[in-house]
Amino acid sequence: MGILAWIVLGLLAGAIAKAIYPGYQDSSILGTMILGIIGAFVGGTLYTLLTTGSLSLTGVGFTFGGLAIAVIGAVIALWLYYAFVSRRVY
């Protein structure tokens, strides 16, 4: 998949995931794109693990199914980010 397809997939998946995930996510277009690309790898890896039983770092293609898997992966990445990184110390 070309770099332009990864950018478009990242923007679409990141924007949809940020719209689905509750709360306010303050990030730029670049942050949204990176979130979507990370989501494509997280979702692709989980999909490969669930379907084949082997763990390998895999990205998804630029299809409707790939976009859905990338959105699911991006939501998981957002959840992990807010679960571990944004803890406040009082």
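Structure first, text after, so check above.
Residues numbered from 1 in each chain as written. Predicted model: local features only at pLDDT ≥ 70, side-chain atom pairs only at ≥ 80, totals over all residues. Heavy atoms only, no water.

**Topic: the packing of helix H1 (residues 3-20) against helix H3 (residues 64-84)**
- In the contact formed by H1 and H3, the axes pass within 8 Å of each other and the chain directions differ by 55 degrees. It follows from the interaxial angle that H1 and H3 lie oblique. Like other packed secondary-structure pairs, H1 and H3 cross with a definite hand, here right-handed. Residues Leu9, Leu12, Ala13, Ile16, Ala17, Lys18 and Ile20 of H1 form the contact with H3, whose own contacting residues are Leu67, Ala70, Val71, Ala74, Val75 and Leu78.
- A breakdown of the residues in the contact of H1 with H3 according to their chemical character gives twelve nonpolar, no polar and one charged. (Axes fitted to C-alpha atoms, helices over the stretch in contact; angles between N-to-C directions. Helix = DSSP H or I, 4+ residues; strand = E, 2+ residues; numbered from the N terminus. Parallel < 35°, antiparallel > 145°, perpendicular 65-115°, else oblique. Left-handed = near helix turned anticlockwise from the far one by under 90°. Contact = heavy atoms within 4.5 Å. Nonpolar A, V, L, I, M, F, W, Y, C, P; charged D, E, K, R; others polar.)

**Some remarks on the packing of aromatic side chains**
- A complete count under the given rule lists two aromatic pairs for this structure.
- Judged by centre distance (6.0 Å) and plane angle (15 degrees), the ring pair of tyrosine 21 and tyrosine 82 falls under stacked. You can see tyrosine 21 sitting in the loop between H1 and helix H2 (29-52) and its partner tyrosine 82 sitting in helix H3, a full 61 residues away along the chain.
- For tyrosine 21, a relative accessible area of 16% translates into the label buried.
- By relative accessible area, tyrosine 82 is classed as partly exposed at 29%.
- Relative to tyrosine 82, the ring of tyrosine 81 lies with its centre 5.1 Å away and its plane at 75 degrees, an arrangement referred to as edge-to-face. (Phe/Tyr/Trp six-rings, centres within 6.5 Å; stacked < 30°, edge-to-face > 60°. Buried < 20%, exposed > 50% of the residue type's maximum accessible area, 1.4 Å probe, protein only.)

**Things to note about a nonpolar patch on the surface**
- The grouping of Ile3, Leu4, Ile7, Val8, Leu11, Leu12, Ile16, Ile20, Ile29 and Phe62 at the surface amounts to a nonpolar patch, some 920 Å² of accessible area in total.
- At eight residues, H1 tops the list of elements feeding residues into the nonpolar patch.
- Turning to its location among the elements, leucine 11 is positioned in helix H1. (Patch = residues over 30% accessible without salt bridge, like charges linked within 9 Å, V, L, I, M, F, W, Y side chains within 5 Å. Areas by Shrake-Rupley, 256 points an atom, 1.4 Å probe, with all protein chains shown as cover. Salt bridge = Lys/Arg side-chain N within 4 Å of Asp/Glu carboxyl O.)

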